[in-house]
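# Structural characterization, general
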2 protein chains.
Amino acid sequence: MTKAESARAGLLARYVPVLDWGRTYSRDSLTNDLVAAVIVTIMLIPQSLAYALLAGLPAEMGLYASMLPLIAYAVFGTSRVLAVGPVAVVSLMTAAAVGKIVATGTPQYIEAAITLAFLSGAFLLMMGVFRLGFMANFLSHPVISGFITASGIIIAASQLKHILGITASGDNLLELLENLIANAASGNRITIAIGVGSVVFLFWVRKGLKPLLVRLGLPPRAAELLAKAGPVAAVAATTILAHQFDLGNLGVKLVGEVPQGLPSLSLPSFSPSLWSSLAGSAVLISIIGFVESVSVAQTLAAKKRQRIVPDQELIALGASNMAASVSGGYPVTGGFARSVVNFDAGADTPAAGAYTAIGLGIAALALTPLLAYLPQATLAATIIVAVLSLIDFSILKKSWDYSKADFTAVLVTILITLALGVETGVSAGVGISILIHLYRSSRPHIAVVGQVPGTEHFRNVKRHKVITHTDIVTVRVDESLYFANARYLEDYVYDMVAERSEVRHVILMCPAINAIDMSALESLEAINQRLKDAGLMLHLSEVKGPVMDRLQRSDFLKHLTGKVFLSQHEAMCALTGTDRHVEKTPK
Amino acid sequence: MTKAESARAGLLARYVPVLDWGRTYSRDSLTNDLVAAVIVTIMLIPQSLAYALLAGLPAEMGLYASMLPLIAYAVFGTSRVLAVGPVAVVSLMTAAAVGKIVATGTPQYIEAAITLAFLSGAFLLMMGVFRLGFMANFLSHPVISGFITASGIIIAASQLKHILGITASGDNLLELLENLIANAASGNRITIAIGVGSVVFLFWVRKGLKPLLVRLGLPPRAAELLAKAGPVAAVAATTILAHQFDLGNLGVKLVGEVPQGLPSLSLPSFSPSLWSSLAGSAVLISIIGFVESVSVAQTLAAKKRQRIVPDQELIALGASNMAASVSGGYPVTGGFARSVVNFDAGADTPAAGAYTAIGLGIAALALTPLLAYLPQATLAATIIVAVLSLIDFSILKKSWDYSKADFTAVLVTILITLALGVETGVSAGVGISILIHLYRSSRPHIAVVGQVPGTEHFRNVKRHKVITHTDIVTVRVDESLYFANARYLEDYVYDMVAERSEVRHVILMCPAINAIDMSALESLEAINQRLKDAGLMLHLSEVKGPVMDRLQRSDFLKHLTGKVFLSQHEAMCALTGTDRHVEKTPK
């Protein structure tokens with residue numbers, strides 16, 4: 001290989017990581033990946049069906065969304081173990097996005113969901129190519145936590161209707177509860193028995209089965225993995241029950257006939273009006289999906305000291321959503337539960353994902369006829385038990401203790417999501433956290449400092465016994481200066497000078513100033529000019545290198561009435577004309 | 001006075017500053033204020049009429065908006081010399097806001113303008129009472145400069161029609177130019193002569209009259225003030241011309257009959273639909289007006305080492321707009337030109353403003369019949385010459401030199417204001433400057449540091465020859481940690497650790513970290529946990545006091561695998577188990 005060829009191969013491998021790990025794929029890895037794939041397949045069958053129902057789509061679309069996307073991720077993804085497919089929150093967001101423009105159960109609804117996957121894919125690819133992954137950072141952790149918790153509550157509430165065998169719809173908690181209460185009387189007893197029974201069983205599997213299996217002598221890891229088969233057992237048992245006793249005719253809602261076989265090629269709609277009404281939702285779904293996915297991938301990668309490349313993850317998730325869109329699926333992302341199972345089952349490479357896709361393909365070919373008798377209540381139970389792990393109010397307590405500002409962001413996000421739905425909730429969360437950040441940094445900590453006797457240190461006059469001078473005042477700002485706090489600094493300096501009529505020199509001590517933007521530069525110029533008008537001099541001390549570089553590109557230093565001192569101590573020596581107050585401690 | 005009474009009086013004086021300066025009002029101040037009032041009154045008569053026309057309102061509303069608001073400001077304002085009334089940019093914004101919902105020249109238009117003043121007043125009062133003045137800081141200086149420049153261009157272009165004696169309307173530059181070109185052929189020659197003549201005369205007065213008067217022996221200050229009477233001279237001359245030669249019948253547009261006398265009591269509309277369509281504009285007008293006004297007030301106050309209280313200014317401007325609303329005016333704010341004239345003329349206290357109001361009242365009683373013959377072209381010339389001083393493209397060059405990010409914000413603001421109008425322009429400016437700030441702080445400067453030989457200093461390994469260790473890596477972050485950069489730090493640390501397989505200790509050096517929000521805390525927890533999973537320890541060094549206080553409110557320090565060191569040097573000594581690499585320089 002020539003140098004140019006090898007550079008080209010390196011670049012290609014960056015965008016198509018499979019070329020990297022695929023070259024050294026070993027027999028050991030094959031075995032590990034196959035074992036993991038079998039386990040994940042068993043877990044995914046009920047979960048995929050259930051999430052499709054949550055999204056308001058036919059059950060088989062959940063299976064479709066779990067095949068081709070996994071293969072696309074295996075080619076482009078940088079995580080060794082991330083499992084891509086339908087997840088709870090994105091399914092809920094899909095239902096909210098599509099439900100507001102077309103009626104559930106219509107062919108247009110399915111087309112819109114496919115189009116949403118296409119748009120999300122396109123947006124993710126675009127973000128990846130232009131390296132815009134940083135946009136996901138505008139979602140603060142507390143906002144995400146609050147959003148996920150509130151989504152979990154809405155999802156659980158939305159599944160209650162299936163457990164009760166009634167109809168009730170709504171995008172937010174208030175609507176859902178209202179409809180549930182209105183229709184609760186019409187519940188079907190057999191449905192309730194199946195639903196409540198499944199919930200109890202699945203809870204027991206989650207909490208009680210593993211300890212039991214361990215006591216029976218199974219190794220803990222095997223017991224853990226076996227417990228993941230709980231949903232499959234519930235699905236099998238209730239399907240057989242429904243078939244044997246013909247529960248469909250007794251008013252129990254079943255999944256109904258599911259087309260057998262692999263998905264056929266589908267295409268998104270290219271209607272401009274549909275695109276424009278879905279675009280905003282596609283952006284929200286992409287960002288939420290990306291944030292969740294990268295966080296799962298990084299958690300798992302860190303355990304083996306592997307590396308995730310967020311910008312490449314955008315491309316991989318983009319490709320996965322494109323793949324979902326052309327194969328009759330709907331928006332997908334990396335899921336927490338399935339990735340953890342994949343990891344625990346020993347998956348070595350993304351090939352495990354490809355094998356899982358094949359496993360699900362076989363399921364789609366062989367098992368779909370059986371699904372006709374699967375009660376919807378069982379799937380609802382699967383969802384409820386799965387999403388309860390998303391609901392976590394501890395963030396409220398934690399943020400309350402740590403910072404009231406973050407607490408406010410969480411609370412607003414939770415309340416608005418519950419009251420007005422997922423899209424408004426997450427948008428409000430982003431808005432409030434940006435506002436809070438601007439507010440906090442708009443009132444930086446500013447201290448008047450003096451010299452600690454016998455040292456070259458300068459500390460806050462309010463907290464320490466320090467030496468000060470009537471004609472010199474030193475102000476330390478503990479924040480970078482930018483538009484949101486520039487005027488605050490001006491006000492502070494003007495007030496201070498107005499109060500201290502003997503002051504002749506103002507020193508701005510800058511060790512904590514990491515940047516000065518144009519607004520702050522103009523404020524400094526204004527401070528300099530106004531102090532000059534009043535007969536005072538402005539000096540700077542301890543300006544950081546990059547900040548100084550930037551100041552030199554402006555006229556500020558030319559007009560500065562005073563000097564820039566390397567250290568505060570030097571400034572005091574120069575301005576007092578001596579170094580008499582520097583009684584160095586003997587060392 | 002008892003202590004409680006005096007405290008109450010202090011509080012009252014804070015909200016009603018007139019109680020403070022009014023108590024010691026002297027005969028000297030009276031003389032100074034009266035002189036200033038006469039000069040400002042002469043200057044304000046043509047300016048008020050002109051700005052009302054710019055706002056699409058009858059000329060007399062400009063006079064009305066310059067009376068009661070001045071008195072309200074005199075009672076509540078903290079600036080000694082600020083002159084409140086109609087200003088160019090706010091008049092343009094009023095025209096844009098009201099023009100998009102009602103047709104110019106209708107009674108509804110006037111009512112909407114009065115209502116806009118009421119809503120602006122209410123919003124400013126609300127901001128003042130709840131001390132929300134910091135919201136004005138979201139407007140960065142470059143955005144304001146760009147916005148003012150673009151507004152100046154739109155205003156000048158909008159007045160060309162009066163100079164040419166044609167009709168042309170539009171809220172943005174493209175519409176205006178299109179209409180001007182379409183109708184240019186229908187121009188009235190006499191109107192053009194008056195308009196162009198006035199522009200040339202006013203320019204000469206501005207640039208050439210003062211030097212001439214000084215040469216003729218006048219003291220410079222008197223010459224300066226006399227030059228301010230230029231617009232009055234132009235108004236008087238063209239009015240007489242129009243009257244003598246009956247120019248109205250020759251196609252020259254005149255101001256027409258103006259109701260004689262003081263404004264009668266007016267009330268804003270209380271229609272909810274009008275309120276909701278004006279609310280957004282009222283917010284923008286309030287914030288732009290407040291920012292301009294405070295900046296003028298502070299510039300002038302600094303010259304006499306006086307103090308401006310921004311939150312009280314909100315209350316004063318709120319009261320002024322309320323006053324404008326009940327006396328047939330429209331939105332007002334502190335104007336630059338008039339305040340400077342007031343200052344230069346020697347105004348001592350806000351009483352000068354009250355006397356100006358009386359002067360304008362006399363003008364409204366005595367002079368209005370004469371205004372019927374005033375050509376609109378003269379007023380347009382006054383506006384054009386006045387706003388040309390607002391147009392300043394030097395901000396483009398200045399920001400280009402200083403920071404490309406700020407340059408982008410200015411350029412976007414100017415282009416969007418010109419292309420889409422003032423409201424979209426200023427909103428886009430706010431949005432882009434917040435996005436740029438988040439983007440910049442989302443990629444903070446992070447350096448791996450090592451020890452400068454023979455010292456206790458630690459510097460960037462890329463810039464200095466320093467001592468490092470294969471098993472210890474020290475990372476210094478030069479930015480506060482918050483949601484927008486938390487994940488960037490995570491990525492940085494994971495990548496670094498994945499690249500250096502021998503590393504066992506990671507030290508985060510925190511001297512430049514002024515705050516850590518909840519998102520960043522969770523990122524630190526994640527970093528700690530993931531490093532632990534990989535067998536590494538995380539340490540902190542040089543954490544600031546307030547940051548440490550906050551960390552102690554969380555569980556982070558409990559779970560931290562390593563230690564928190566007071567200094568980086570201490571950390572290195574502890575982790576290397578010796579202090580052998582610390583060869584202290586002899587002092």
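Everything numeric in this text was worked out from a predicted model, so none of it was measured.

Residue and element names in this part refer to chain A. Here Thr368 lies in helix α17 (residues 368-371). With a relative accessible area of 1%, Thr368 lands in the buried category. In terms of polar contacts, Thr368 uses its side chain to reach the backbone carbonyl oxygen of Ala364, at 2.7 Å.

This part covers the packing of helix α8 (residues 141-164) of chain B against helix α21 (residues 422-442) of chain B. All names here are of chain B. Here α8 crosses α21 at 165 degrees, and the two axes come no closer than 10 Å. The angle between the axes of α8 and α21 places the two elements in the roughly antiparallel class. For the pair α8 and α21, the crossing hand works out as right-handed. Residues Val143, Phe147 and Ser151 of α8 pack against Val422, Val426, Gly429, Val430 and Ser433 of α21.

Moving on: the sheet that holds strand β8 (residues 564-565) of chain A. Residue and element names in this part refer to chain A. An order of β4-β3-β5-β6-β7-β8 is seen for the six strands of this open sheet, with the pairing classed as mixed. Unpaired on one side and paired on the other, β4 (458-460) and β8 mark the two borders of the sheet. Pairing of strand β7 (residues 537-541) with β8 involves two bridges; the strand directions are parallel. Note on β8: the bridge partner recorded for Ser541 is Phe565. Lying on the sheet, helix α23 (residues 518-533) is in contact with β6 (505-509) and β7; it crosses β7 at an angle near 140 degrees. Sheet strands in contact with helix α26 (residues 568-576) are β3 (446-451), β4, β5 (472-477), β6, β7 and β8, and its direction is about 170 degrees off that of β6.

By size, the foremost hydrophobic cluster in this structure holds 145 residues, and its most contacted members are A:Leu489, A:Ile516 and A:Leu551. Top contributing element to this core by residue count: helix α13 (residues 272-303) of chain B, with 14 residues.

The next subject is the relation of the copies chain A and chain B. Note on the identical chains: chain A maps onto chain B by a rotation of 179 degrees and an axial translation of 0.0 Å, with an RMSD of 0.1 Å. Within this description, the copies of the chain are treated as partners about a two-fold rotation axis. Every residue of chain A has its C-alpha some distance from the rotation axis, and the shortest such distance is that of A:Ala512, at 2.7 Å. Here 100% of the interface residues in chain A have copies in chain B that are interface residues too; the copies meet face to matching face.

This next bit is on the sheet that holds strand β6 (residues 505-509) of chain B. All names here are of chain B. The mixed open sheet is built from six strands, whose spatial order is β4-β3-β5-β6-β7-β8. Sheet topology places β4 (458-460) and β8 (564-565) at the edges, where each strand pairs with a single neighbour. Together, β3 (446-451), β5 (472-477) and β6 form the strand contacts of helix α22 (residues 483-499), whose direction differs from that of β3 by roughly 50 degrees.

Moving on, we get to the interface of chain A and chain B. Taken together, the 74 residues of chain A in the interface contact 74 residues of chain B. The contact between chain A and chain B buries some 6600 Å² in all, and 53% of this surface belongs to carbon and sulfur atoms. One can count four salt bridges joining chain A with chain B. Of the charged contacts, one joins A:Glu522 and B:Lys398 as a salt bridge, the two residues approaching to 3.9 Å between their closest N and O atoms. Our count for the chain A to chain B interface comes out at 24 residue pairs in polar contact (both at pLDDT 80 or more). Secondary-structure elements contributing two or more residues to the side of chain A that touches chain B are α8 (141-164), α13 (272-303), α19 (394-402), α21 (422-442), α22 (483-499), α23 and α24 (545-551) of chain A.

Rules behind the numbers
- Residues numbered from 1 in each chain as written.
- Chains lettered and ligands numbered in written order.
- Predicted model: local features only at pLDDT ≥ 70, side-chain atom pairs only at ≥ 80, totals over all residues.
- Heavy atoms only, no water.
- Helix = DSSP H or I, 4+ residues; strand = E, 2+ residues; numbered from the N terminus.
- Buried < 20%, exposed > 50% of the residue type's maximum accessible area, 1.4 Å probe, protein only.
- Polar contact = N/O pair within 3.5 Å; in protein donor to acceptor, adjacent residues only side chain to side chain.
- Axes fitted to C-alpha atoms, helices over the stretch in contact; angles between N-to-C directions.
- Parallel < 35°, antiparallel > 145°, perpendicular 65-115°, else oblique.
- Left-handed = near helix turned anticlockwise from the far one by under 90°.
- Contact = heavy atoms within 4.5 Å.
- Pairing = 2+ DSSP bridges.
- Core = buried A, V, L, I, M, F, W, Y, C linked by side-chain atoms within 4.5 Å.
- Least-squares fit on C-alpha atoms with pLDDT ≥ 70 in both.
- Buried area = accessible area lost by both parts, 1.4 Å probe.
- Salt bridge = Lys/Arg side-chain N within 4 Å of Asp/Glu carboxyl O.

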